[in-house]
Amino acid sequence: MALRDLGDSIFDMTQIGLLVGKKIYSRSIADERDIDPAAVPELVAGLHQERVPAVVAEIIQETPTTKTFRLVPAGMPLFPFRPGQFLTLFLTVDGVRTSRAYSISSPPTRIGSVDVTVRGVPDGFVSAYLVDEVVEGDEFEISGPGGFFYAEPLIDTNDLVFLAGGSGVTPFMSMIRTAVDLRSNVRINMIYGSRTVDDVIFLDELTRIGLEYENINVALVLSEPPDGYEGVCGLLDAHTLDPLIGSIEGKTFFVCGPQAMYGLCDESLATLGVPARSIKKEAAGPPPDITMVEGWPREIAPDEVFTVKIADGRQRIQVAAGEPLLNSLERNGIALDNLCRSGECGVCRAGLLTGRVFMPAGVAVCKTDLAHGYIHPCMSYPISDVTIRL
Amino acid sequence: MKARRAIVIGAGLGGMTAAAYLSRNGFRVDMFERNPHPGGYACSFVRGQFEFEASLHELSGVGPEDNRGGCYKMLAGCGVADKVEFLPIDQFYTSIYPDFTVTIPHGWEAAEEAYASVFPEERAGIHRVLTLMRKMYEEVSLLSKAKGPLDLVSFPVKGTHIMRSVGLTAAQVIDREFKDPKLKALFCDVWGYYGLPPSRVAWQILALGNSSYLEHGPYHVKGTSQALSNAFVEVIEENGGRVHLRNGARRILTDGGKVTGIVADDGGTYPADYIVSNANPITACYQLIGRDNVPASYLKALAEGHIAISTFNVYMGLDCPAEEVGILNHEYFINESYDMDEHYQAMFSTHRQPYWVVTNYNSSDPEFSPPGTSVVVITCIADHGAWTRVPPDRYVDEKTRLAHEMIEASDVHFPGLADHIAVLEVSTPVTNMRYSGNPGGSILGFDFDLLGSPLMRLPNRGPLEGLYFAGAWVRPGGGFETSIQSGVFAFGEVMKDVKGIKGIARAMPALG
Ligand SMILES: Cc1cc2nc3c(=O)[nH]c(=O)nc-3n(C[C@H](O)[C@H](O)[C@H](O)COP(=O)(O)OP(=O)(O)OC[C@H]3O[C@@H](n4cnc5c(N)ncnc54)[C@H](O)[C@@H]3O)c2cc1C
Ligand SMILES: Cc1cc2nc3c(=O)[nH]c(=O)nc-3n(C[C@H](O)[C@H](O)[C@H](O)COP(=O)(O)OP(=O)(O)OC[C@H]3O[C@@H](n4cnc5c(N)ncnc54)[C@H](O)[C@@H]3O)c2cc1C
Ligand code: FES
């Protein structure tokens, strides 16, 4: 009979020798190698908090459809974050436990609170609730900061071009406010597209900063200008951008806005000759209409209904093809942890055991997960009956 | 027969290995993992168009078809090996020193030639040390092939080289055989893999670790180490086990010195007679079990262990092939002097490091990143203390500064590197702590000093009945091959308790 318990057998035989060795061997390692065993969670929590409760300390009406919510973590210090990052708000709307990501619009230089600025989206499940129902003193759970949409001094230049659309101005607001607070000499040229003057968020503050700081320039672009408007009009296409950007040499581009804007900006920046590595785009979240996204199987209508079976559980739910699986699960009371809701962070990772889903290009599933049938349900749309393991 | 229930806490390499073996041997296994993906350190992450390997530089103990090593055999023994593709790495390591650069190939003779080409006058010593290492390695293989008690009793006679290596640091052997400090440094240059310089690391660790690379060659895994972890999960599930992700163990329940089950993060209670904890023993005892339920002698043993190194990593996606900036090989060890103790001491600060590794993942897998790009990673050894003392609001600046300094330092050897970085991510010991829950973000559990060498390490059997440990912190220690082995050992302990010594022999993989 082979006996192969390697470690054990050597151990038994050499114990005597080792006992002797243990006595002779004196430790020379500095005390600083020691650690308080109970301290690990606290040490990490100082930098990375998963979820914290936060109170709405103040609500600011920014435009007719947009409000800023000033959030104060309850009973703990504010987490550090990088200007440009988002946080996720966890809340219950109409009995459904769900969440949405919002870029932080305040700068980290401000102590004690963070702002998110939310535009009410027509038919929006969460945004409409936030803008219409939430009052000061309400409490939410918020995630720590997430995302990678920030200036990285190690690889980005000191000459930044921000292309903002609509509520996509929020991360830039944090970056600009930080630059102002720190009197940084980084050059910022923000080109901010909105529909009408009424839609422009932070208009007064941006105008003031643009005038006051030599290194910060703000250009508004309106797609539906009022009569006699003298500023720049149109969409953020190459024709509009070219004169506003000037030379592209040595510049780093940041893009954040509604889905439609990404396609347009991709095209215009390519036309202007900007190399892909100089362009950073914020995660976009589910598109308004998934059936318009490249690769969607034409024969499937967004309201087609499929059955989702949860492996190892008894649940079976009916879902619409056009809605992200994560949203459908939540609507049916099935919890699945999540953070970015953009396919980027992998927190919602789940196994697809049978059936097919559509995941748009750019969802950050690693190669081996693709091969083993794992999906990110926040950006997966069922296109057949499916079984998933959460 | 009613299946026995086993719970595995943590889906790191040790935990997954134990779970795979248990599930193939009649246990109903439930594995609980806090993270959304399995693997612990053995994982990857995606940023933009790049996927990064989080940990693995060089996998030891795999070997080609005609010379398989222990790691391969353990993976084959539980059905994982067939589910992954191993990619050979051409060289063992390349060392860059102030006045020479040399590449050490794998293979005993080839390595000897390479060392001797730089230090021809020390060829005899080089030959003696390599021969000694080879004998030690053969003896360990011999031991794992032992056929019965007689073979074991006679081992001290047959295994003389192993026996004589007990209680020696690497420096004690190296200093005896080599004269030139530069040769000593070159010979031990991969000491970072073992977390301590030769003056402190157990000779057995350096000798057997390097032997495994020299004998079988280093490997990587197609699709990163996440592919290895996914393969483990597939095996566990195929054998009826359940892998609970995003659901950690909050508490281990005990009753009269015996474990009875766990309370998971989802609030559920899961009963089991056998619990293998891949969560480190410190957290397991202090947080999960509660110190009052752990024998004082065991807590003392925990307090005696020293926590091994963590790492500082700069993950870079380049917009050009790595060759374009002169990075041709897989693994470069860069040294600014020959003083390894000084290099070790430097890790206690967040300042610029004099000893670091540059790894090129496209060298073993040209498809590692999109065409025309490459993934290159800078790794420094790092102590958690300096990093946890950085105030939270200074943390980003501090890691950015060190990353900048290490990129600049690497750019000296690989001109152009700094200008080709398209995507960048930086991790510190705090990052390691966060993703693994390991004290100090240790990548190797307790230090591989003499008291932490495989034989002296905490055993795989825990302080309570029904509790076992797998992972870097316990026998035989940290690293990929060793952590996998710890899972096999933990499984062996469970089998001993269930079926007695004979049962285990049938279920254990043939390692010899
Ligand atoms: C990283 C990140 C940062 C974000 N930052 C902000 C921010 O600072 N301020 C902000 O107001 N929003 C921000 N969003 C969008 C936000 O997360 C929600 O998607 C938005 O509030 C709509 O949620 P809802 O529940 O109201 O709409 P849902 O009920 O989820 O959707 C309703 C309909 O609107 C569409 N839709 C969803 N989002 C948008 C949108 N942004 N524009 C147009 N149509 C949309 C949906 O596809 C659907 O057709 C961010 C999203 C991400 C991923
Ligand atoms: C940057 C880096 C480079 C490395 N390079 C190499 C190399 O080239 N070669 C090599 O051999 N080794 C290398 N290593 C070392 C190797 O990766 C580790 O030693 C090994 O992976 C440790 O495995 P483990 O079994 O101890 O588990 P770990 O990886 O420590 O995982 C433990 C798991 O347990 C989980 N857990 C903890 N607490 C709980 C709980 N309460 N409930 C549920 N789950 C819990 C954690 O989430 C984690 O998933 C490297 C490590 C790092 C970080
Ligand atoms: S929540 Fe981030 S990938 Fe789904």
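Residues numbered from 1 in each chain as written. Chains lettered and ligands numbered in written order. Predicted model: local features only at pLDDT ≥ 70, side-chain atom pairs only at ≥ 80, totals over all residues. Heavy atoms only, no water.

K.L.:
Describe the sheet that holds strand E3 (residues 86–93) of chain A, listing the residues and the values that go with them.
P.N.:
Think of a sheet as strands paired side by side through backbone hydrogen bonds, with each pair either parallel or antiparallel. All names here are of chain A. Here 6 strands make up an open sheet; going across it, the order is E4-E3-E6-E1-E2-E5 and the pairing antiparallel. Here the strands that pair on one side only, and so sit at the sheet edges, are strand E4 (96–103) and strand E5 (114–119). Taken pair by pair, the neighbouring strands of this sheet meet at an average axis angle of 40 degrees, ignoring direction. (Pairing = 2+ DSSP bridges. Helix = DSSP H or I, 4+ residues; strand = E, 2+ residues; numbered from the N terminus. Axes fitted to C-alpha atoms, helices over the stretch in contact; angles between N-to-C directions.)

K.L.:
Mind laying out the sheet that holds strand E19 (residues 467–469) of chain B, listing which residues take part and the relevant values?
P.N.:
Residue and element names in this part refer to chain B. Spatially, 5 strands are ordered E9-E2-E1-E13-E19 in an open sheet, and the strand pairing comes out parallel. Looking at strand neighbours, the two that pair on one side only are strand E9 (242–244) and E19, the edges of this open sheet. If you compare each strand with its neighbour and ignore which way they point, the axes differ by 20 degrees on average. Pairing between strand E2 (residues 27–32) and E9: 3 bridges, direction parallel. Directly across from Phe 32, in E9, lies its bridge partner His 244. Seen against the sheet, helix H1 (residues 13–24) touches strand E1 (4–9), E2 and strand E13 (274–277) and runs at an angle of roughly 160 degrees to E2. (Contact = heavy atoms within 4.5 Å.)

K.L.:
If you had to explain the domain arrangement of chain B to someone new, which residues and values would you point to?
P.N.:
Residue and element names in this part refer to chain B. With domains assigned, chain B is organised as domain 1 (5–46 + 222–306 + 447–507), domain 2 (110–210) and domain 3 (309–439). Centre-to-centre, using C-alpha coordinates, domain 1 lies 30 Å away from domain 2. With 7 residues of domain 1 in contact, the opposing surface of domain 2 contributes 12 residues. Taking both partners together, domain 1 and domain 2 bury about 700 Å²; carbon and sulfur atoms supply 72% of that area. (Domains from an automatic or database assignment. Buried area = accessible area lost by both parts, 1.4 Å probe.)

K.L.:
Run through the pairing of strand E19 (residues 386–389) of chain A, naming residues and quoting values.
P.N.:
Residues and elements named next belong to chain A. Summarising the sheet, strand E13 (residues 305–310) and E19 pair through 3 bridges and their orientation is parallel. Bridge pairing links Lys 309 to Thr 387 in E19. By the bridge criterion, 3 bridges tie strand E15 (residues 350–354) to E19 in an arrangement that is antiparallel. In the strand pairing of E19, Leu 352 is matched with Ile 388.

K.L.:
Can you break down the domain arrangement of chain A residue by residue, with the values?
P.N.:
Residue and element names in this part refer to chain A. Segmenting chain A into domains produces domain 1 (1–282) and domain 2 (291–389). Opposite the 13 residues of domain 1 that make contact, domain 2 presents 9 residues. A combined buried area of about 840 Å² lies between domain 1 and domain 2, and 48% of that area is made up of carbon and sulfur atoms. Of all residues in domain 1, Phe 86, Val 96 and Ser 99 give up the largest surface area on contact with domain 2, accounting jointly for 31% of the area buried on that side.

K.L.:
Could you give me a rundown of the side chain of Ser 99 of chain A, with the residues and numbers involved?
P.N.:
All names here are of chain A. Assignment of secondary structure puts Ser 99 in strand E4. On the basis of relative accessible area, Ser 99 is assigned to the buried category, the value being 0%. Within the structure, Ser 99 has its side chain in polar contact with the side chain of Asn 338 (distance 2.6 Å). Of the polar contacts made by the side chain of Ser 99, one reaches the side chain of Arg 341; its length is 2.8 Å. With residues up to four places along the chain from it excluded, the contact list for Ser 99 reads Thr 88, Leu 89, Phe 90, Leu 91, Glu 330, Asn 338 and Arg 341. (Buried < 20%, exposed > 50% of the residue type's maximum accessible area, 1.4 Å probe, protein only. Polar contact = N/O pair within 3.5 Å; in protein donor to acceptor, adjacent residues only side chain to side chain.)

K.L.:
Before we move on, can you summarise the packing of helix H4 (residues 170–181) of chain A against helix H5 (residues 203–212) of chain A with the specific residues and values?
P.N.:
Residue and element names in this part refer to chain A. Their axes nearest at 12 Å, the elements H4 and H5 cross at an angle of 40 degrees. Between H4 and H5, the angle falls in the class oblique. Note on packing geometry: the crossing formed by H4 with H5 is left-handed. For the pair H4 and H5, the contacting residues are Met 173, Ile 176, Arg 177 and Val 180 in the first and Glu 205, Leu 206 and Ile 209 in the second. Grouping the amino acids of the contact of H4 with H5 by side-chain chemistry returns 5 nonpolar, no polar and 2 charged. (Parallel < 35°, antiparallel > 145°, perpendicular 65-115°, else oblique. Left-handed = near helix turned anticlockwise from the far one by under 90°. Nonpolar A, V, L, I, M, F, W, Y, C, P; charged D, E, K, R; others polar.)

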